[in-house]
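# A structural walkthrough
Residues per chain, in single letters:
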Amino acid sequence: FGLWDQNQRTLFLARDRLGEKPLYYAGLGDGTILFASELKALLPYPGLRRDLDPLAIEDYFAFGYVPEPRSIYRAIRKLPPGHFLLRQRGAPSAPPVCYWDIPGGNPLSGSAERLGAELIDRLREAVAMRLIAEVPLGAFLSGGVDSSAVVAMMAEIQASGNGAAVNTCSVGFVEPEFDETTYADLVARRYRTVHQYSRVRTEHFELLDRLGTLYDEPFADSSALPTYQVCQMARQRVTVALSGDGGDEALAGYRRYQWHLQEDRWRRFLP
């Protein structure tokens, strides 16, 4: 969000702690500051240069996307998660300030049973907070551990509240080796959700142009195609959908993390 202090002639920009929403900004030579939650909102402004940033292109080929603080354009920046920016008229430009970060260095103690119970309690609390809405709610259900846990919590909370069934959506693939709808169906039956799914075909190339206008920047995640389709399908019944995105990152669920840990142990023996 942005706040303009008319008395102090100061602009305050802030982004949420985990970066759920983007915040693009650009400072022009005449003191003008542009900001928006989408890159495309800044581009029509006259005088904004569209020179590509070579380092951003390099980042894209390394990571598959353009991470903060760069954008694909040299003149436009992205405010990193957990940061704020202060700009006062007539004063030198100050860099973004980090106001929040994930605390580290304090390992948890306790039995696996106690920590497991605390994890479930925190997950239940997080899901319950996001069910406070005045619009129809649903969930993306892939059949994996993350989204299945979210759906389980939603079903438990709604059963004890208004008793409504959870709306769930899944996308599958024609190729059996990539299709996980069997697991999603198991979870949907287990929690008696109102479930619907569709299948992605390999020839759905017509979505690429559409995705280019949505992401604004080069984005190489192949899951963007099925994600768009499951959002499109969910929007027919719900306005807000919860997902299990980020569970593997938070709980080190990817195999690459285990491999990295093993490699790091071996590196300690090297001079």
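Because the structure is predicted, anything quoted here is derived from the model rather than measured.

Looking along the chain, the bond that leaves Glu68 and enters Pro69 is cis, with omega of 5°. Among the secondary structure elements, Pro69 is positioned in the loop between helix H1 (54-63) and strand E5 (77-78). One non-glycine residue, Arg9, lies in the positive phi region at around 55°. Among the structural elements, Arg9 can be located in the loop between strand E1 (2-5) and strand E2 (10-14).

Another point: the side chain of Ser148. Within the secondary structure, Ser148 sits in helix H3 (residues 145-160). The exposure class of Ser148 is buried, given its relative accessible area of 13%. Non-local contacts of Ser148, meaning those with residues more than four positions away in its chain, are made with Leu141, Gly143 and Val187.

This next bit is on the sheet that holds strand E4 (residues 33-36). Across the sheet, three strands lie side by side as E4-E3-E5; this open sheet has antiparallel pairing. The sheet is open, and its two edges are formed by E4 and E5, each paired on a single side. Note: strand E3 (residues 24-27) against E5, two bridges, orientation antiparallel. Paired with Tyr25 across the two strands is Arg77, which belongs to E5.

Within the largest apolar cluster, 16 residues are counted, with the highest numbers of intra-cluster contacts made by Val127, Leu131, Leu141, Val150, Val151, Met154 and Leu242. Among the secondary structure elements, those contributing two or more residues to this core are strand E8 (137-140), H3 and helix H4 (181-190). Per-element tally for this core: the top contributor is H3, with six residues. The contact partners of Leu131, leaving out residues within four places of it in the chain, are Leu137, Met154, Ile157, Gln158 and Leu242. Membership of the second largest hydrophobic core comes to 15 residues, among which are Ala26, Leu28, Val66 and Ile72.

Before going further, it helps to spend a moment on the packing of helix H2 (residues 112-130) against H3. Where H2 meets H3, the axes come as close as 9 Å, and the angle between the chain directions of the two elements is 70°. As the angle between them shows, H2 and H3 are arranged roughly perpendicular. For the pair H2 and H3, the sense of crossing is right-handed. Residue-level contacts link Ile120, Leu123, Arg124, Val127 and Ala128 of H2 to Ala149, Val150, Met153, Met154, Glu156 and Ile157 of H3. Here the residues of the contact of H2 with H3 are counted per class, giving nine nonpolar, no polar and two charged.

What counts, and where the lines are drawn
Residues numbered from 1 in each chain as written. Predicted model: local features only at pLDDT ≥ 70, side-chain atom pairs only at ≥ 80, totals over all residues. Heavy atoms only, no water. Helix = DSSP H or I, 4+ residues; strand = E, 2+ residues; numbered from the N terminus. Buried < 20%, exposed > 50% of the residue type's maximum accessible area, 1.4 Å probe, protein only. Contact = heavy atoms within 4.5 Å. Pairing = 2+ DSSP bridges. Core = buried A, V, L, I, M, F, W, Y, C linked by side-chain atoms within 4.5 Å. Axes fitted to C-alpha atoms, helices over the stretch in contact; angles between N-to-C directions. Parallel < 35°, antiparallel > 145°, perpendicular 65-115°, else oblique. Left-handed = near helix turned anticlockwise from the far one by under 90°. Nonpolar A, V, L, I, M, F, W, Y, C, P; charged D, E, K, R; others polar.

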